[in-house]
Amino acid sequence: LEKYEMKATINYITSKLGSDSYFNLDQMKEMRQSEWMSIESHTVSHLDLNTLEDSHIESELLDSKKWIDEESKNWIEKELEQTTTLLCYPAGRYDERVIKSAEETGYKMAVTTEPGYASKSDGLYTLKRVRVSPGYDGESFGQYMLAFEL
């Protein structure tokens, strides 16, 4: 990222803390200290939000945001020093209730799994994104990114 001056966001599922298959707190701290990486919310449990009761939606969103913004300082020497503003919908699924809850719990925008570059005209709570998965070499990543050119 630094070499090409590109920024990236990792959407963190807070219940994965301590899982062998997920990045750990030291890695989180290292990534967050870089100007190239941000860490945002992917909820607590990665549940299909549009199938949940309203109170459960709110707790998934609020508890994840609160952990990233505040409670992370209990495990990291210094908290992540951020106000989490971005939500990534699990599996890209959402409905009007989920959007309303995201707004009410303090998120400023949210991304879906709809591929493409984000545009304000999409609506701040229904933004497209370019999803990057492991396994790309430089050339294939470049080709992938070009596929989304406007």
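What counts and how
Residues numbered from 1 in each chain as written. Predicted model: local features only at pLDDT ≥ 70, side-chain atom pairs only at ≥ 80, totals over all residues. Heavy atoms only, no water. Helix = DSSP H or I, 4+ residues; strand = E, 2+ residues; numbered from the N terminus. Rg over C-alpha atoms; globule rule 2.2 N^0.38 Å. Contact = heavy atoms within 4.5 Å. Areas by Shrake-Rupley, 256 points an atom, 1.4 Å probe, with all protein chains shown as cover. Lys, Arg positive; Asp, Glu negative; His and termini not counted. Charge placed at Lys NZ, Arg CZ, Asp CG, Glu CD. Salt bridge = Lys/Arg side-chain N within 4 Å of Asp/Glu carboxyl O. Buried < 20%, exposed > 50% of the residue type's maximum accessible area, 1.4 Å probe, protein only. Phe/Tyr/Trp six-rings, centres within 6.5 Å; stacked < 30°, edge-to-face > 60°. Core = buried A, V, L, I, M, F, W, Y, C linked by side-chain atoms within 4.5 Å. Pairing = 2+ DSSP bridges. Right-handed = clockwise from strand over helix to strand, strands pointing away.

Draft legend 1. Structural detail: the overall build of the chain. On a plain count of helices and strands, the chain comes out with four helices and five strands. Radius of gyration (C-alpha) of the chain: 16 Å, near the 15 Å computed for a compact globule of 150 residues. With the C-alpha coordinates aligned to their principal axes, the bounding extent of the chain is approximately 45 × 40 × 25 Å. Sequence separation of 24 or more characterises 54% of the internal contacts of the chain that already satisfy a separation of 6 or more. Roughly 9300 Å² of accessible area belongs to the chain as shown, and the carbon and sulfur atoms make up 47% of that amount. Both charge centroids of the chain, one from 17 positive and one from 28 negative side chains, sit 2 Å from each other.

Draft legend 2. Examining the pattern of salt bridges more closely. The final tally for this structure, using the stated rule, is five salt bridges. Close ionic contact of D54 with R97 constitutes a salt bridge, the shortest N to O distance being 2.5 Å. Placement of D54 in helix α2 (residues 54-69) and of R97 in helix α3 (residues 96-104) is noted, with a sequence separation of 43 residues between them. Relative accessible area serves as the criterion here: at 47%, D54 is assigned to the partly exposed category. Given a relative accessible area of 31%, R97 falls into the partly exposed group. Across the pair K100 and E104 runs a salt bridge whose closest N-O atoms are separated by 3.7 Å. In this pair, K100 and E104 are both assigned in helix α3, four residues apart and thus about one turn of the helix distant. The network of salt bridges with shared partners includes D54, D95 and R97.

Draft legend 3. Spotlight on the packing of aromatic side chains. Counting across every chain of the model gives seven aromatic pairs. Here Y12 and Y22 contribute two aromatic rings whose centre-to-centre distance is 5.2 Å and whose plane-to-plane angle is 50°, an arrangement assigned as tilted. Residue Y12 is found in strand β1 (residues 8-12), and its partner Y22 is found in the loop between β1 and α1 (25-33); the two are separated by 10 residues along the sequence. Taken together, the ring pairs connect Y12, Y22, F23 and W67 into an aromatic cluster.

Draft legend 4. Up close: the nonpolar core. With 12 residues, the main nonpolar core is built from L49, L52, I57, L61, L87, Y89, V98, I99, A102, Y107, A110 and Y125. Going through the elements one at a time, α2 and α3 are the ones with two or more residues in this core. Sorting elements by how many residues they give to this core places α3 first, with three residues. Beyond its immediate chain neighbours, meaning those up to four positions away, L87 contacts S41, T43, L61, A102, Y107, M109, A110 and V111. In terms of nonpolar packing, the next biggest core, distinct from the first, is built from seven residues, Y12, M28, I39 and W67 among them.

Draft legend 5. Quick look at the pairing of β1. Bridge count for β1 against strand β2 (residues 37-41) is five bridges, and the pairing is parallel. Across the sheet, I10 pairs through a bridge with I39, a residue of β2. Regarding topology, α1 serves as the crossover connection from β1 to the parallel β2, and that connection is right-handed.

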